[in-house]
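Reading the structure
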Amino acid sequence: PLVLQESTVERAERPLHPAAKVMRNPNDVMTTDVFRELVMARAILFGNGYSWIDRTENTRRPQSLWPLWPQDTWPVYDENKRLFVRTKLMDREHFIPYEDVLDIKSGLSSDGVHGYGILETQKDSIAHGLAARKHGSSNYKNSGRIPVVLKTMRPMGADERREFRSDWRQMHSGADSSGNVAILPPGMDPSMLGMNNEEAQWLEDRKFSIVEAAQSLQMPPFKLGAMDAPLQKNIEEQQREARPGAS
């Protein structure tokens, strides 16, 4: 639960404060869990989780919170160096004073305002993981077979090569064709290209991608399901290190 406390030594709880009420019921269409998960997801992915603080007209007390789309929202300064958030609402551009914006950052920032999300800081790692997954999918589609080249001393015309390639693919591609025996014409020899999954250490690479993602999020790998990695500490100890002061 999210608890609002006074910024005093006693740190007394203020459950009836307008800000506490807004956090328990951010708006008319979102529960507090949905709102918090949405804002945190945007902060992690894009660097900033922006929300517009809708205030009452007279007392200026917060009455609702509305998430802003991060790709259409960014901080700007006016000529007096006052900070605003520039965003688009209903296809119109708006400048919202920064004091009317709830800004949850990812923790990485070069100026204290603009946050860096993992889509920006880990784009190479994400691309590598997607490429590894695509490789594994292609490998399964071909029943684990690596590319093959067929060599022949007899000249073959373009139509003959095309027909032979089509027949070969139909006979030996896909999971349903696993185990089919290849019969080659006289004088034709096969040569293998590339590496199989074991040689490419595909499983080890996939596991490392999970560990690397956990490191970018500053959380222990077991939180993302990396349970079989060599661990020198048990899960309880990793949890304490990830959250200092937590019991």
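Preceding block: the structure.
This brings us to the nonpolar core. Counting residues in hydrophobic clusters, the biggest one holds six residues: Val22, Met30, Phe35, Val39, Ile53 and Leu65. Sequence-distant contacts of Met30, that is, excluding residues within four places in its chain, are made with Asn25, Phe35, Leu38 and Pro67. If you look at the next biggest cluster of nonpolar residues, it comprises five residues, including Tyr50, Leu68, Val85 and Ile96.

To continue, consider the sheet that holds strand β3 (residues 74–77). Read across the open sheet, the three strands follow the order β3-β4-β5; overall the sheet is antiparallel. Two strands lie at the open edges of the sheet, namely β3 and β5 (92–97), each paired on one side alone. Shown here is a sheet whose adjacent strand axes are inclined to one another by a mean of 40 degrees, direction ignored. For strand β4 (residues 83–89) and β5, the ladder comprises six bridges, and the chain directions are antiparallel. In the strand pairing of β5, Lys88 is matched with Glu93.

The subject of this paragraph is the pattern of salt bridges. The full count for this structure, using the stated rule, is seven salt bridges. With a shortest N-O distance of 2.6 Å, Asp100 and Arg55 are connected by a salt bridge. Taken together, the residues Asp100 in the loop between β5 and β6 (101–105) and Arg55 in strand β1 (residues 48–55) connect sequence positions 45 residues apart. A residue is classified by how much of its surface remains accessible, and Arg55, at 23% relative accessible area, is partly exposed. With a closest N to O distance of 2.7 Å, Arg82 and Glu99 form a salt bridge. With a gap of 17 residues between them, Arg82 in the loop between β3 and β4 and Glu99 in the loop between β5 and β6 connect regions that are remote in the sequence.

Below, the discussion takes up the side chain of Ser64. Here Ser64 lies in strand β2 (residues 62–67). Looking at Ser64, its side chain comes within polar contact range of the side chain of Trp66, at 3.0 Å. When neighbours within four sequence positions are excluded, Ser64 is seen to be in contact with Val22, Pro26, Asn27, Trp52, Ile53 and Asp54.

Quick notes on the rules
- Residues numbered from 1 in each chain as written.
- Predicted model: local features only at pLDDT ≥ 70, side-chain atom pairs only at ≥ 80, totals over all residues.
- Heavy atoms only, no water.
- Core = buried A, V, L, I, M, F, W, Y, C linked by side-chain atoms within 4.5 Å.
- Buried < 20%, exposed > 50% of the residue type's maximum accessible area, 1.4 Å probe, protein only.
- Contact = heavy atoms within 4.5 Å.
- Pairing = 2+ DSSP bridges.
- Helix = DSSP H or I, 4+ residues; strand = E, 2+ residues; numbered from the N terminus.
- Axes fitted to C-alpha atoms, helices over the stretch in contact; angles between N-to-C directions.
- Salt bridge = Lys/Arg side-chain N within 4 Å of Asp/Glu carboxyl O.
- Polar contact = N/O pair within 3.5 Å; in protein donor to acceptor, adjacent residues only side chain to side chain.

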